Amino acid sequence: MTEQNPPGPPRPPRTLRWALRCHPAAYRAEHEAELSAIHAEATRDAGPLGRLREALDIAGHGLRLRTGLGSDGTAGQVLAHGAPLMVAVATAGSVANLLWLFAPGDRVPSSSASSLPGLLLLANQGVRPLLWVVALAAVWTGRWSAVRALAAAATVLRLADIPLLGLAHLFPGTYTGAALNVIAALLTGAVILAAPRDLLGPCRSRGTAITGTVALTLALWAAQLVSAYQPMTGGPLVTHTFWAGVFAVALLFSRRDRALAAGLTVALLPAAVQMTASLLYPLTPAGLGALLVVLVSGSVALLRAHRRHAARPHPPGAA
Amino acid sequence: MSDRPLQEPTLLLLTALADEPRHGYGLIQEIDAISNGRVRMRTGTLYGALDRLLQQGLIRVEREEVVDGRARKVYALDETGRGVLAAETRRLRAVVAEAERRMAAHSTPAVRPKGALA
């Protein structure tokens with residue numbers, strides 16, 4: 001006589017099994033059955049796309065746990081503060097780039113308009129600001145699924161610039177600029193995608209911070225791009241040091257709490273790295289000065305926030 | 001308590017637990033109903049929020065049960081969480097009251113004393 005085991009829960013579908021593998025083993029052992037049950041109920045009437053989105057969300061949760069970026073940790077809370085500002089910085093950057101490209105002058109080689117890669121490159125410069133502007137509107141209204149999709153698309157398009165530049169024979173010749181572009185694009189996309197969804201909502205109450213970030217970044221990028229073809233007195237040194245100064249001021253004025261100061265730092269970091277890297281390698285006296293200004297102001301901002309944090313009574317907070 | 005307003009997912013989650021303890025999928029359904037279908041919380045997002053709220057002591061695991069061969073946890077609002085939700089409710093009520101007062105003031109035509117110049 002064969003002994004029959006009591007019927008256990010059905011085997012999870014393949015996409016869910018793959019998503020659950022993203023979780024740390026201990027967490028998976030404790031929560032796998034429960035997560036599978038909720039997934040099964042949540043996707044009962046869902047199509048393949050719905051099931052995939054649900055699985056991706058579970059995978060994202062697992063990856064955040066593995067990397068310490070969950071909403072219960074400081075790093076996750078910093079990313080949640082940084083993500084809306086990061087969208088603002090990226091929007092301003094892409095708009096400034098487009099304005100510069102089509103401003104009067106001879107900056108678009110005629111050859112680029114006659115070849116397919118060149119046309120794609122130009123179209124890319126036009127589409128990206130559109131995507132970021134829509135993403136910024138979605139940040140405002142709290143539609144973060146749309147923000148993530150748009151940010152991912154804009155990141156891919158920005159990365160596509162590199163091969164298109166090569167194919168259009170417009171590659172600037174140095175790999176440093178291309179590498180910095182890739183790093184800045186990846187950092188931007190990663191912060192927006194990694195920010196914990198449960199800490200993100202409509203950002204109308206932070207309108208001043210977002211509008212201010214857009215205006216400031218637009219002005220900085222515009223100054224940077226203009227200086228690239230019409231050198232100002234002092235050359236890139238002026239704009240690069242300006243970036244470091246803005247970074248420092250942003251840190252010093254983020255008085256509210258440590259997470260906001262750190263979030264602002266994260267949001268400005270890709271653009272600041274891209275703008276100031278040429279001062280740091282090889283390290284010039286100006287680069288050293290800029291680096292010191294950023295480090296000192298960052299330390300002061302964090303120390304001040306730490307003192308305020310320590311001085312306040314702290315029952316459990318909620319975000 | 002933080003002086004920042006609660007983010008919408010957190011507010012909806014605490015609200016969903018205010019009247020009775022619920023399990024994970026029950027919370028997803030309740031949030032969908034409270035927000036009139038506007039917010040559809042996904043499983044991973046829900047678990048991220050639950051992990052955080054458990055760590056902050058705003059909710060607790062009320063009990064664990066097995067239904068149709070599947071284990072599930074039932075979550076309940078803790079006293080601290082009830083306090084946070086009450087404080088947020090007061091804040092929102094004050095904002096609504098002020099908005100209504102201002103809109104009423106705008107829609108009421110100003111009564112001009114007789115003989116006043118236009």
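Residues numbered from 1 in each chain as written. Chains lettered and ligands numbered in written order. Predicted model: local features only at pLDDT ≥ 70, side-chain atom pairs only at ≥ 80, totals over all residues. Heavy atoms only, no water.

Per an unreviewed UniProt entry, chain B is named PadR family transcriptional regulator, and its organism is Streptomyces beihaiensis.

An unreviewed UniProt entry lists chain A under the name Integral membrane protein, with Streptomyces beihaiensis as the source organism.

This paragraph deals with the overall build of chain A. Each helix and strand in chain A was counted, giving 11 helices and zero strands. Beginning at the N terminus, the succession of helices and strands in chain A can be written as α-α-α-α-α-α-α-α-α-α-α. Scored against the burial criterion, the 319 residues of chain A give a buried share of 44%. In chain A, once contacts between residues fewer than 6 apart in sequence are set aside, the share between residues at least 24 apart is 76%. (Helix = DSSP H or I, 4+ residues; strand = E, 2+ residues; numbered from the N terminus. Buried < 20%, exposed > 50% of the residue type's maximum accessible area, 1.4 Å probe, protein only. Contact = heavy atoms within 4.5 Å.)

Okay, the interface of chain B and chain A next. Taken residue by residue, the interface counts 33 residues in chain B and 37 residues in chain A. Between chain B and chain A, the buried area comes to about 3,400 Å², and carbon and sulfur atoms account for 49% of it. Between the two partners, chain B and chain A, sit four salt bridges. One salt bridge connects Glu54(A) with Arg40(B), and the closest N-O pair in it is separated by 3.6 Å. At the level of secondary structure, the elements contributing two or more residues to the side of chain B that touches chain A comprise α1 (8–16), α2 (24–34), α3 (43–55), β3 (70–77) and α4 (79–107) of chain B. No other element matches α3(B), which puts 10 residues into the side of chain B that touches chain A. (Buried area = accessible area lost by both parts, 1.4 Å probe. Salt bridge = Lys/Arg side-chain N within 4 Å of Asp/Glu carboxyl O.)

Residues and elements named next belong to chain A. A cluster of nonpolar residues, Trp18, Leu49, Leu52 and Leu56, forms a patch on the protein surface that exposes about 420 Å² of accessible area. In terms of residues, the nonpolar patch owes the most to one element, helix α3 (residues 48–67), which gives three residues. Inspection of the secondary structure assignment puts leucine 49 in helix α3. According to the relative accessible area criterion, leucine 49 is exposed, its value standing at 59%. (Patch = residues over 30% accessible without salt bridge, like charges linked within 9 Å, V, L, I, M, F, W, Y side chains within 5 Å. Areas by Shrake-Rupley, 256 points an atom, 1.4 Å probe, with all protein chains shown as cover.)

Turning next to the UniProt feature "transmembrane region" (unreviewed entry) in chain A. The UniProt feature table records "transmembrane region" (unreviewed entry) at residues 177–195, 207–229, 235–253, 260–281 and 287–305 of chain A. Along residues 177–195 of chain A one finds 95% helix and 0% strand; the C-alpha atoms at either end are 27 Å apart. (UniProt positions renumbered as here; feature names shortened; annotations may be inferred.)

All names here are of chain A. Following both chains from N to C, one finds helix α4 (residues 74–102) and helix α7 (residues 175–194) inclined at 135°, their axes separated by 8 Å at the closest point. Taken together, the axes of α4 and α7 are oblique relative to one another. As for the relative orientation of α4 and α7, their crossing is left-handed in sense. In this structure, α4 contributes Leu79, Ala83, Met86, Val87 and Ala90 to the contact, and α7 contributes Leu187, Thr188, Val191, Ile192 and Ala194. Within the contact of α4 with α7, the residues separate by chemical class into nine nonpolar, one polar and no charged. (Axes fitted to C-alpha atoms, helices over the stretch in contact; angles between N-to-C directions. Parallel < 35°, antiparallel > 145°, perpendicular 65-115°, else oblique. Left-handed = near helix turned anticlockwise from the far one by under 90°. Nonpolar A, V, L, I, M, F, W, Y, C, P; charged D, E, K, R; others polar.)

Attention now moves to the confidence of the model for chain A. Caution applies to low-pLDDT regions: their predicted coordinates should not be interpreted in detail. Residue and element names in this part refer to chain A. Scored by pLDDT, chain A comes out at a mean of 76, with 67% of its residues at no less than 70. Taken element by element, chain A is modelled with least confidence in helix α9 (residues 236–253), mean pLDDT 64, and with most confidence in α3, mean pLDDT 90. Here residues 313–318 scores under 50 on pLDDT; set against residues more than four positions off or in separate chains, the count is 14 contacts. (pLDDT = per-residue confidence, 0-100.)

Under the UniProt annotation, "domain: Transcription regulator PadR N-terminal" (unreviewed entry) lies at residues 13–86 of chain B. Helix and strand shares over residues 13–86 of chain B are 49% and 26% respectively, and the end C-alpha atoms of the span are 13 Å apart.

So, on to the confidence of the model for chain B. Residues with a pLDDT of 70 or more make up 87% of chain B, whose mean pLDDT is 85. Across the assembled chains, the prediction reports ipTM 0.78 with pTM 0.75.

All names here are of chain B. Extensive coverage of β3 is indicated by the burial of six of its eight residues. Here eight bridges tie strand β2 (residues 59–67) to β3, and the two strands are oriented antiparallel to one another. Residue pairing for β3: arginine 63 is matched across the bridge by valine 74. Two successive antiparallel strands, β2 and β3, enclose a turn made up of two residues, where aspartate 68 displays a positive phi of approximately 55°. (Pairing = 2+ DSSP bridges.)

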